[in-house]
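Read off the chains here:
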Amino acid sequence: MRKPFAIYHEHPDWFRPLFAELARREIPYVQLDPRAHVYDPSEKQSPYALVFNRMSPSAYLRGGVQGMFFTVAYMAHLERLGVPVVNGVNGFSIELSKARQLTLLESLGLGYPKARVINHASKAVDAADGLRFPVVVKANIGGSGAGIVKYLGRESLAESVAANQVDLGVDHTALVQEFVPARGGHITRVETLGGKFLYAIKVYTTGESFNLCPADICQRADGVELVRAACPIDAPKTGLKVEGYTPPPEVIAACEKIMQVAGIDVGGIEYMIDDRDGRIVYYDINALSNFVADAPNVVGFDPFARLVDYLVKRAG
């Protein structure tokens, strides 16, 4: 009997298309819940042919904060056993820290919105010195736009600090970062698989929402409504619009380098063109990608089919 794949996740809806593709191919799999899990550090082998880590940094919004830090230890345990782990401990650790993401971007000589890293709200105002307002205070561990607050001026930031209203998130670390106006009213998300470019999309936004989950987008840029198979049928529509896009070769190469250095097997990178000076700035590195809604209608193919091809190859 073949060992099953283990899909390690806590979100009830995002990965339905993945499960459907595994079932279609009759690939045995089990679902593991990071919010309530146990493992034995002394075990010598795993019951799984492969473990696909789909843990989300935003799990703390769904009662899953205990799963986030547990996952780092569990992935290290699996890697010690020699289990093929997709998005293992190194990649997931980058996912869990926006501060580390900036260090990675700096090490590669890539642009990002100017920022400072703080671990106490009392440092927020001083950290904004030298930054152009508006700024955002962005929790180090976020996901789906969680933990991001925009401040138009130094005074409003100081008032929030004085009122004890600045939340640094679950690890008490945050960025104070310039809010970048996106040229053309859109950001670009580049998806990678196995460290290589898979596809990219432009996501059109007003700039007032920080939740740009690609699986939640309900319209193509030309107004065609998309089928959001990964989300509940009654999920609120976001109003975001999306279109397929191929970035310049140098951007694709940069995104592939980011993912390869980070150790992220499956993920997405978001960037924009700063409308103030025309610079490309990378601002989010994701080890959790649930792909764009209705992908065949947007990018011309089903990324979940290619994802399962990759999982089968990794499992050997």
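Residues numbered from 1 in each chain as written. Predicted model: local features only at pLDDT ≥ 70, side-chain atom pairs only at ≥ 80, totals over all residues. Heavy atoms only, no water.

Caption draft 1: Representation of the overall build of the chain in the model. When you go through the chain residue by residue, the secondary structure sums to 9 helices and 14 strands. Counting the 316 residues in the chain, one finds 54% classified as buried. For the chain, the share of sequence-separated contacts (at least 6 apart) that also reach a separation of at least 24 residues comes to 70%. Counting only carbon and sulfur atoms, one obtains 53% of the accessible surface of the chain, whose full area is about 13700 Å². (Helix = DSSP H or I, 4+ residues; strand = E, 2+ residues; numbered from the N terminus. Buried < 20%, exposed > 50% of the residue type's maximum accessible area, 1.4 Å probe, protein only. Contact = heavy atoms within 4.5 Å. Areas by Shrake-Rupley, 256 points an atom, 1.4 Å probe, with all protein chains shown as cover.)

Caption draft 2: Region of the structure containing unusual backbone geometry. In this model, Phe-133 is joined to Pro-134 through a cis peptide bond whose omega is 5 degrees. Within the secondary structure, Pro-134 sits in the loop between helix H5 (124–127) and strand S6 (135–139). Its identity is not glycine, yet Phe-291 carries a phi of approximately 65 degrees, on the positive side. Tracing the backbone shows Phe-291 in the loop between strand S14 (280–286) and helix H8 (295–298). Here Phe-291 falls in the buried class, since its relative accessible area comes to 1%.

Caption draft 3: Main features of the nonpolar core. Leu-18, Phe-52, Tyr-199, Ile-201, Val-266, Leu-307 and Leu-311 are the most contacted members of the largest nonpolar core, which has 36 residues in total. In terms of residues, this core owes the most to one element, helix H9 (residues 303–315), which gives 5 residues. Setting aside its immediate chain neighbours within four residues, Val-266 contacts Phe-52, Arg-54, Val-86, Asn-87, Thr-192, Leu-193, Asn-286, Ala-287, Leu-288, Phe-291, Leu-307 and Tyr-310. (Core = buried A, V, L, I, M, F, W, Y, C linked by side-chain atoms within 4.5 Å.)

Caption draft 4: Here's a closer look at the sheet that holds strand S3 (residues 50–53). Spatially, S2-S1-S3-S4 is the arrangement adopted by the 4 strands of the open sheet, whose pairing is parallel. Sheet topology places strand S2 (29–32) and strand S4 (85–86) at the edges, where each strand pairs with a single neighbour. As defined by bridge partners, strand S1 (residues 5–8) adjoins S2 across 4 bridges and the pair is classed as parallel. By the bridge assignment, Ile-7 is partnered in S2 with Gln-31. (Pairing = 2+ DSSP bridges.)

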